[in-house]
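Observations on the model geometry
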Amino acid sequence: MTFKPHGKHLIAGKWLAGDTQFASEPAHGPSHHFAVGTPELVDRAVRAAEEAFWSYGYSTRTERAEFLNTIADEIEARGDAITEIGTQETGLPEARLQGERGRTTGQLRLFATHILAGEYLDRRHDAALPDRQPLPRAEMAMVQRPIGPVAVFGASNFPLAFSTAGGDTAAALAAGCPVVVKGHSAHPGTGEIVAEAIHAAIQKCGIHPGVFSLIQGGKRDVGTSLVQHPLIKAVGFTGSLGGGRALFDLCAQRDEPIPFFGELGSVNPMFIMPHALSNRGSDIAKGWAGSLTMGAGQFCTNPGIVVTIKGPETDAFVAAATAALEPIGAQTMLTDGIATAYRAGRDRVAGTQGVREVLTSMCDQRNATPYLFATTGQAWLANHDLGEEVFGPLGLVVIVENMDEMRDIARSLQGQLTCTLHLDTADVDNARSLMPILERKAGRVLANGFPTGVEVCDTMVHGGPYPASTNFGATSVGTLSIRRFLRPVCYQNLPSELLPQDLV
């Protein structure tokens, strides 16, 4: 049965229409109408979230784990309908939506397991020392506690894993924080059906309905009112540098500043060491082409930059990359706006002094085709704009004179989500000289692979120095991401009857 959206917001357990509507712009299939969010709806949702916190924030880990697993069950029960409307709205293939749905339910279940284990609480205890001289010490205990209602902004490029019930929502709910989601207008129908799954889980588990709300559409005033609402205690965001920085500044300007956990942009450079280039440059080039064009290049870990040393091996690498990219046809991008921005980025790179075109193509409307450019290390260092992200399947090879210049390129980088080394055994010394630089620049450093594909696990860091993210100590993927929505509280000389249950 085909899913037909009703186009309403979910506010504290009630589906609400609005006075105005917007029409979705699917890549294919029918368009649907959705209610437009307002600051008044934001206020209603956030106040309900605050009310829910007084029970949900003090629920047991067992109760929250059951809730997370039930959300996952309800999403899986709607799997076919989610895939159908998700592919229509985004143009992503069915296999990609099915895989992303599995990642979404998988991270919900992972957080359920994680909070039951309890290690994330970082419980500490200092026994009383009544006889200590010159002063006694009181008994003290510490535990991580949830911070309160959290705002989450859906991402354009991941309609499931980074949106309505995505990583930010899962981590916040696991921590004990109610969530208000600002849905992304690129996939409102997908957001609605996932919200229905969460709503069903709330009812099955008997949880306060204010624990989750979804507000669709809306202009800038909706996002502004959400991050500036005095009851919101943190914000999770994945999106553009411009939009994220504007929200970050609003969070900092509040009477009570709050943390803004934004993932904003990255070019994810790859550094190819000389022996690896000589021994398997063609294979690396083919792998890079596949990673660069995966999902029309619409991954935040898309490796847009390659740095390699001048010579015939680099010429062969560029030729192999060109041969691998040439047969790749046009792919549908997530929105018309993203496609337009991609072409603008292409024109910016092509028009930069010292850049030459290696592979050009034609793309228009909502389509993207691959582009390949090359430049010198000196031209890169002289043109800061070359380090700006182009969201799409565009690659730039930076050809340096020697390892010293390669290190200069690494030092010039802005903060990154990832940096990659391609090396063989004989390259270890050269790679070692880069490591102190790369680990200061990126949240994840990898070898002999490609950064597209982010594992949801305990060790993953999906973040990095600005502008990769606005908080270099946080990750938006993996179990460590729960720490964004917790704060430590110390209890001194309190009787056990007053301590949080996680300390007793």
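Attention in this report is confined to the structure presented alongside it.

What follows is about the side chain of T190. With respect to the helices and strands, the residue T190 is situated in helix α6 (residues 188-205). Residue T190 is classed as buried on the basis of its relative accessible area of 0%. Those residues in contact with T190 that sit more than four places away from it in its chain are I82, I85, G86, E89, P159 and L160.

Moving on to the pattern of salt bridges. This model, assessed by the stated rule, comprises 18 salt bridges. For E74, the salt bridge is made with K204, and the minimal N-O distance between the two is 2.6 Å. Of this pair, E74 sits in helix α2 (residues 61-77) while K204 sits in helix α6, and the two are 130 residues apart along the sequence. The class for E74 is buried, based on a relative accessible area of 8%. We classify K204 as exposed; its relative accessible area is 62%. The shortest N-O distance in the salt bridge between D424 and R280 comes to 2.9 Å. Remark: R280 occurs in helix α9 (residues 274-293) and D424 occurs in the loop between β19 (416-422) and α14 (428-441); sequence separation between them is 144 residues. Note on D424: relative accessible area 18%, which makes it buried.

Another point: the packing of helix α13 (residues 403-412) against α14. α14 packs onto α13 with a crossing angle of 10 degrees between their chain directions and a minimal axis gap of 9 Å. It follows that α13 is roughly parallel to α14 by the angle criterion. From α13, M403, M406, R407, A410 and R411 reach across to α14, where they touch N430, S433, L434, I437, L438 and K441. Here the contact of α13 with α14 is composed, by residue class, of six nonpolar, two polar and three charged.

Our focus in this paragraph is the sheet that holds strand β6 (residues 140-146). Taken in spatial order, the three strands of this open sheet run β5-β6-β21, and their pairing is antiparallel. Strands at the two margins of the open sheet, each flanked by one partner only, are β5 (124-126) and β21 (486-492). Sheet twist, expressed as the mean angle between neighbouring strand axes with direction ignored, is 25 degrees. Note that β5 and β6 share three bridges and pair antiparallel. Each bridged residue has a counterpart across the sheet, and for H125 the counterpart in β6 is A141.

Ranked by internal contacts, the top residues of the largest apolar core, which has 95 residues, are F67, F271 and F485. Among the elements that take part in this core, α6 stands out by supplying seven residues, more than any other. If we ignore the near neighbours within four places in the chain, the residues touching F67 are Y56, L173, I198, A201, I202, C205, I207 and V211. Membership of the second largest hydrophobic core comes to 23 residues, among which are I11, A45, V227 and L250.

Ordered by their spatial adjacency, seven strands build an open sheet running β15-β17-β18-β13-β12-β19-β20, and the pairing between neighbours is mixed. Looking at strand neighbours, the two that pair on one side only are β15 (355-359) and β20 (442-447), the edges of this open sheet. Taken over all neighbouring pairs, the strand axes of this sheet differ in orientation by 20 degrees on average, direction set aside. Examined bridge by bridge, strand β13 (residues 305-309) and strand β18 (residues 394-400) share five bridges and lie parallel to one another. Pairing of I305 across the sheet is with L396, part of β18. Against the sheet, helix α11 (residues 336-350) makes contact with β15, β17 (371-376) and β18, and its axis sits at roughly 30 degrees relative to β17, the strand it touches most.

Criteria and cut-off values
Residues numbered from 1 in each chain as written. Predicted model: local features only at pLDDT ≥ 70, side-chain atom pairs only at ≥ 80, totals over all residues. Heavy atoms only, no water. Helix = DSSP H or I, 4+ residues; strand = E, 2+ residues; numbered from the N terminus. Buried < 20%, exposed > 50% of the residue type's maximum accessible area, 1.4 Å probe, protein only. Contact = heavy atoms within 4.5 Å. Salt bridge = Lys/Arg side-chain N within 4 Å of Asp/Glu carboxyl O. Axes fitted to C-alpha atoms, helices over the stretch in contact; angles between N-to-C directions. Parallel < 35°, antiparallel > 145°, perpendicular 65-115°, else oblique. Nonpolar A, V, L, I, M, F, W, Y, C, P; charged D, E, K, R; others polar. Pairing = 2+ DSSP bridges. Core = buried A, V, L, I, M, F, W, Y, C linked by side-chain atoms within 4.5 Å.

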